[in-house]
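Spelled out, the chains give:
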Amino acid sequence: MGGRQYYSLLVPLSEIPHLFKFNDWAGCPAELQAQRVLNKARVPDITKYILQNENGFLFSSITASYSCPVKFISSAENAEFGTLEMDLENVEFVINDGQHRCAAIAAALRENPALGKEKISVLLFETENIERLQQMFSDLNRFVPQTSKSLGMLYDRRDNLSALTMELAEQVDVFRGMVDKEKVTIPRRSPKLFTISALYEANEELLSKKIAEQGSSAYAEVLERAVQYWTEVSRILADWQRVKSGELNAAELRQEKINTHAVVLRALGGVGRILVEKYPRDWPGKLKLLESVDWRKSVGDSANPLWDAVCITAGSVVSNRQARAATLAVLLREIGESTNGRMVHKETAEVTSPQPAD
């Protein structure tokens, strides 16, 4: 590959901790490191993925460089297949790509040694020099951008909340056909109103991320509750219905109002969680108070004072942590509710703790 000899091996997972050790690059100047420093915080998530998906986990090849003489003995049937011999007592491997996978595999084996019989492919290249090792790391990571959150959700069958959100997008009438399931931001002229990632985050606020297993009665109950809530929200937010029926252009609504933006969807999810917990039967009546909310981004030549410095800064809608908290506070204020035991003042979006009685 690229003019260089390499070997492709199938290695039992049980051998990974013995073959591949981790260089301590932390005390080494960056220009002398052949790899980035191992981020130990990433390892538990990968380990959990292996242990929870023993019958379905999947990894790409580990790539490493070796520094010892090797001997390749071809098979009689095919010269490209055979046995690779090397002195494992004296070989030094540098992991070019896959050090976090190796660390997670070692951790998973400690929890479940039976995983050792599984195999993973390993690509081996001969070590040349530090410059080549650094270039290999750069090349291996050059063309691997993170997939969009929306696309990751669309394809992820292991995340119960993701599955619920996908079903919700089809069962709630106003969402059906109006949710972009691929992009994280909606193109200016798109006929869609929402992104699947924004709806996912809104459901996380409404339900929490811990959802019962798909196919269970508990999962069906939570899905029904979510469908009921968002259907009620869609009745209150008439703009959504107008776009769905073709009376209003989606691009115009997104341009003029904030009620389709992710920061508002998340806030609506938070409102739902609070209302359903506080008013298990009567929450629709409280939610109906949102009908009077002014969703316009601007009033005249100025930002709408309801949202200015809340989720609109310098004329643009923002969705950072502070904006999300402030937007939720405004919506709760508009319906006369509080959050986490703190009162939301009617005059401002300021949240304060209640004072004890005299």
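Residues numbered from 1 in each chain as written. Predicted model: local features only at pLDDT ≥ 70, side-chain atom pairs only at ≥ 80, totals over all residues. Heavy atoms only, no water.

## Points about the overall build of the protein
Link 1 in the chain: Of regular secondary structure, the protein possesses 13 helices and 14 strands.
Link 2 in the chain: Relative to its 358 residues, the protein shows a buried fraction of 41%.
Link 3 in the chain: Long-range contacts, defined as pairs at least 24 residues apart, comprise 66% of the intrachain contacts of the protein with a sequence gap of at least 6.
Link 4 in the chain: Carbon together with sulfur atoms contributes 50% to the accessible area of the protein, which is approximately 20300 Å² in total. (Helix = DSSP H or I, 4+ residues; strand = E, 2+ residues; numbered from the N terminus. Buried < 20%, exposed > 50% of the residue type's maximum accessible area, 1.4 Å probe, protein only. Contact = heavy atoms within 4.5 Å. Areas by Shrake-Rupley, 256 points an atom, 1.4 Å probe, with all protein chains shown as cover.)

## Some points on the side chain of Asn203
Link 1 in the chain: Structurally, Asn203 is set in helix H7 (residues 196-207).
Link 2 in the chain: Its relative accessible area of 0% is what places Asn203 among the buried residues.
Link 3 in the chain: Non-local contacts of Asn203, meaning those with residues more than four positions away in its chain, are made with Leu161, Leu164, Thr165, Leu168, Ser208 and Trp230.

## Points about the nonpolar core
Link 1 in the chain: Judged by nonpolar contacts, the single largest core of 62 residues is most densely connected at Phe175, Trp230, Trp240, Leu268 and Trp307.
Link 2 in the chain: Here this core gets nine residues from one element, more than from any other, and that element is helix H8 (residues 217-236).
Link 3 in the chain: Discounting residues that sit within four places of it in the chain, Trp307 has contacts with Ile258, Val293, Asp294, Trp295, Arg296, Ile312, Thr327, Val330 and Leu331.
Link 4 in the chain: Core analysis: the second largest hydrophobic core is formed by 28 residues, Leu13, Ile50, Ala64 and Tyr66 among them. (Core = buried A, V, L, I, M, F, W, Y, C linked by side-chain atoms within 4.5 Å.)

## A closer look at the pattern of salt bridges
Link 1 in the chain: This model, assessed by the stated rule, comprises 15 salt bridges.
Link 2 in the chain: Between Lys181 and Glu170 there is a salt bridge, with the nearest N and O atoms lying 2.9 Å from each other. One end of the pair, Lys181, is in the loop between strand S7 (179-180) and strand S8 (194-195); the other, Glu170, is in helix H6 (residues 160-171), with 11 residues separating them in the sequence.
Link 3 in the chain: Judged by its relative accessible area of 37%, Glu170 falls in the partly exposed class.
Link 4 in the chain: The closest approach of N and O atoms between Glu205 and Arg266, which form a salt bridge, is 2.9 Å. Taken together, the residues Glu205 in helix H7 and Arg266 in helix H11 (residues 262-278) connect sequence positions 61 residues apart.
Link 5 in the chain: The exposure class of Arg266 is buried, given its relative accessible area of 16%.
Link 6 in the chain: Look at the salt bridges and you will find they share partners, linking Glu201, Glu205, Arg266 and Arg273 into a network. (Salt bridge = Lys/Arg side-chain N within 4 Å of Asp/Glu carboxyl O.)

## Focus: the sheet that holds strand S6 (residues 119-126)
Link 1 in the chain: With mixed pairing, four strands are arranged side by side in an open sheet as S1-S6-S2-S5. Edge positions in the open sheet fall to strand S1 (6-12) and strand S5 (93-97), since each of these has one partner strand only. Each strand of the sheet is rotated relative to its neighbour by a mean of 35°, with strand direction disregarded.
Link 2 in the chain: Contacting strand S2 (62-66), S5 and S6, helix H4 (residues 130-142) runs over the sheet at an angle of about 30° to S5. (Pairing = 2+ DSSP bridges. Axes fitted to C-alpha atoms, helices over the stretch in contact; angles between N-to-C directions.)

## Concerning the side chain of Ser234
Link 1 in the chain: Topologically, Ser234 is positioned in helix H8.
Link 2 in the chain: Ser234 sits in the buried class, given a relative accessible area of 3%.
Link 3 in the chain: If we ignore the near neighbours within four places in the chain, the residues touching Ser234 are Val174, Trp240 and Gln241.

## Thoughts on the packing of aromatic side chains
The geometry of an aromatic ring pair comes down to the distance between the two centres and the angle between the two planes.
Link 1 in the chain: Under the definition given, this model contains 13 aromatic pairs.
Link 2 in the chain: Seen in terms of ring centroids, Tyr229 and Trp230 are 5.2 Å apart; in terms of plane orientation they differ by 75°. Their pairing is edge-to-face.
Link 3 in the chain: Every member of this aromatic cluster is reached through a ring pair, and the members are Phe175, Phe194, Tyr229, Trp230, Trp240 and Trp283. (Phe/Tyr/Trp six-rings, centres within 6.5 Å; stacked < 30°, edge-to-face > 60°.)

## What to know about H8
Note: α-helices contain 3.6 residues per turn, so residues at a spacing of three or four share the same orientation.
Link 1 in the chain: Helix length check: H8 (20 residues) gives 29 Å between terminal C-alpha atoms against 28 Å at 1.5 Å per residue, within 8%.
Link 2 in the chain: Among the residues making up H8, those that are buried are Tyr219, Val222, Leu223, Ala226, Val227, Tyr229, Trp230, Glu232, Val233, Ser234 and Ile236.
Link 3 in the chain: In this fold, the buried residues of H8 make contact with H6, H7, helix H9 (238-244), H11 and helix H12 (283-287). (Expected span 1.5 Å × (residues − 1).)

## Re unusual backbone geometry
Link 1 in the chain: Although it is not a glycine, Ala309 adopts a positive phi angle of roughly 65°.
Link 2 in the chain: Position of Ala309 among the secondary structure elements: in the loop between strand S10 (302-303) and strand S11 (312-313).
Link 3 in the chain: Phi at Ala314 takes a positive value of approximately 55°, unusual for a residue other than glycine.
Link 4 in the chain: Within the secondary structure, Ala314 is located in the loop between S11 and strand S12 (316-317).
Link 5 in the chain: Taking the relative accessible area as the measure of exposure, Ala314 reaches 78% and is therefore exposed.

## Quick word on the pairing of S2
The side chains of a regular strand alternate between the sheet's two faces.
Link 1 in the chain: For S2, a buried count of five out of five residues is recorded, marking the element as mostly surrounded by other parts of the structure.
Link 2 in the chain: Every second residue of S2 is oriented toward a common face, with Ile62, Ala64 and Tyr66 on one face and Thr63 and Ser65 on the other, all of them buried.
Link 3 in the chain: Taken together, the five bridges between S2 and S6 define a ladder with parallel strand orientation. Its bridge partner lying in S6, Tyr66 is registered against Glu126.
Link 4 in the chain: As paired strands, S2 and S5 are joined by four bridges and run antiparallel to one another. Of the residues in S5, the one forming a bridge with Ala64 is Ile95.

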